[in-house]
Amino acid sequence: MIPESEVTFAGSFLDRADKLRGDGPEIARRLAEPGSRAVPFWRGKPLFDLTEEGPRLSWLSVAEPLVRESPEPPLFLGLDDGGVAHFAADVSYIAPPDEKPAEFVDRRTLDLSEERKFIELRAIMGEIDKRDAGVAASAKGIFEWRLTHGYCANCGGKNAVGHAGWRMDCPACGRQHFPRTDPVVIMLILDGDRVLLGRQTVWPPKMYSLLAGFMEPGETVEEAVRREVMEEAGIPVGEVRYVTSQPWPFPASLMIGCAGRAEANAIDLGANELEDALWVSKAEVAEALAGRSDRIAPARKGAVAQVILKCWTEGLIEGF
């Protein structure tokens, strides 16, 4: 397996302190303490300080007007080693959204200063400090979930945020709703020293990555790998092994990295889920990761696909 330290969004410097989430008075007390910290999010983008070492999350006092005046309930993220409470605050109230459609990477922002900006995680996931990445992913995932779960799926009533931000409660019928995580398999499909890569039409030019797809109810991870590869590229897959995983808050997935042995190598795009798919040698993947390939560009830095491919080229993932 690939060490967690290699994977962006894995890990956090905070103790999630779940035991405090149901203690409303204690959470309220922590929110009243000026020493408690909060990272603001604007339209899903965390606030970052731009330092010489790279972007770092901006932790403000909960007493700051930007945080205190937010009409949205804060999200309790946990406690640091010193017992200081950390929160995330949705401050999208400070500017209305415009109607311009988002790009592949949404670079729209609302600058607070030259050194402090709201930045889309996807745009800087290869630069973000590991201590910040896991915290930011958790908060972004919860805020994205809130956007689509404002009403009870049982009775249609208006939900209310509960459990320090980690639950939605329906006052009308009493139903409790918890954050969901959608499992996605992402596959290093090998044919000797070649790997199967594909691309989608919406991706940047020449970008190729590992095949991936959502798991379906009633599937094992191995079954999902075989089904997705057959559907997208017409390649039958035999043995499947777990490699690593990555939280992926775009909007709320868990990427389950696997390696699989191809039992044939004739590609058939079938229903055209992919724009293209091809077999690429380990040597060419290494060249692409180094930015020296004229034919393909690798998956973005910070994505688990690049981590898996890099570890494969370095011999950290065994072949079949």
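Residues numbered from 1 in each chain as written. Predicted model: local features only at pLDDT ≥ 70, side-chain atom pairs only at ≥ 80, totals over all residues. Heavy atoms only, no water.

Considering the overall build of the protein
At step 1: Helix and strand counts for the protein come out as eight helices and 16 strands.
At step 2: In summary, the protein has a C-alpha radius of gyration of 21 Å against a globular reference of 20 Å for 320 residues, a match within 12%.
At step 3: The principal-axis extents of the C-alpha atoms in the protein amount to approximately 60 × 50 × 40 Å.
At step 4: A buried classification covers 49% of the 320 residues belonging to the protein.
At step 5: For the protein, long-range pairs separated by at least 24 residues make up 64% of all intrachain contacts whose partners lie at least 6 apart in sequence. (Helix = DSSP H or I, 4+ residues; strand = E, 2+ residues; numbered from the N terminus. Rg over C-alpha atoms; globule rule 2.2 N^0.38 Å. Buried < 20%, exposed > 50% of the residue type's maximum accessible area, 1.4 Å probe, protein only. Contact = heavy atoms within 4.5 Å.)

Section: the sheet that holds strand E10 (residues 176-177)
At step 1: In spatial order, the strands read E8-E9-E10; together these three strands make up an open sheet with antiparallel pairing. For this open sheet the edge positions go to strand E8 (160-162) and E10, each flanked by a neighbour on one side alone.
At step 2: Here E8 pairs with strand E9 (residues 167-169) via three bridges, running antiparallel. Paired with valine 161 across the two strands is methionine 168, which belongs to E9. (Pairing = 2+ DSSP bridges.)

Some remarks on unusual backbone geometry
At step 1: Here phenylalanine 250 and proline 251 are connected by a cis peptide whose omega angle stands at 10°.
At step 2: Tracing the chain through its elements places proline 251 in the loop between strand E14 (237-248) and strand E15 (253-262).
At step 3: The phi torsion at arginine 43 lies on the positive side, around 50°, for a residue other than glycine.
At step 4: With respect to the helices, strands and loops of the structure, arginine 43 is situated in the loop between strand E1 (37-42) and strand E2 (45-51).
At step 5: For arginine 43, a relative accessible area of 23% puts it in the partly exposed group.
At step 6: A positive phi angle is found at lysine 206, which is not glycine, with a value near 70°.
At step 7: As for its placement among the helices and strands, lysine 206 is situated in the loop between strand E12 (194-199) and strand E13 (209-214).

As for the pattern of salt bridges
Oppositely charged side chains are able to pair whenever their charged atoms sit close together.
At step 1: Per the stated rule, a full pass over the model turns up 23 salt bridges.
At step 2: Across the pair glutamate 239 and arginine 261 runs a salt bridge whose closest N-O atoms are separated by 3.6 Å. Residue glutamate 239 is located in strand E14, and its partner arginine 261 is located in strand E15; the two are separated by 22 residues in the primary sequence.
At step 3: On the basis of relative accessibility, which here comes to 29%, the residue arginine 261 falls in the partly exposed class. (Salt bridge = Lys/Arg side-chain N within 4 Å of Asp/Glu carboxyl O.)

A look at helix H6 (residues 221-233)
At step 1: Across its 13 residues, H6 extends 18 Å between first and last C-alpha, which sits within 8% of the 18 Å expected from 1.5 Å per residue.
At step 2: At its buried positions, H6 is contacted by strand E11 (182-191), E12, E13, E14 and E15.
At step 3: Where H6 ends, the next residue or the one after it, glycine 234, has phi of about 70°, a positive value. (Expected span 1.5 Å × (residues − 1).)

Details of the side chain of glutamine 306
At step 1: Tracing the backbone through its elements, the reader meets glutamine 306 in helix H8 (residues 304-313).
At step 2: The class for glutamine 306 is buried, based on a relative accessible area of 16%.
At step 3: Beyond its immediate chain neighbours, meaning those up to four positions away, glutamine 306 contacts Leu289, Pro298, Ala299, Arg300 and Lys301.

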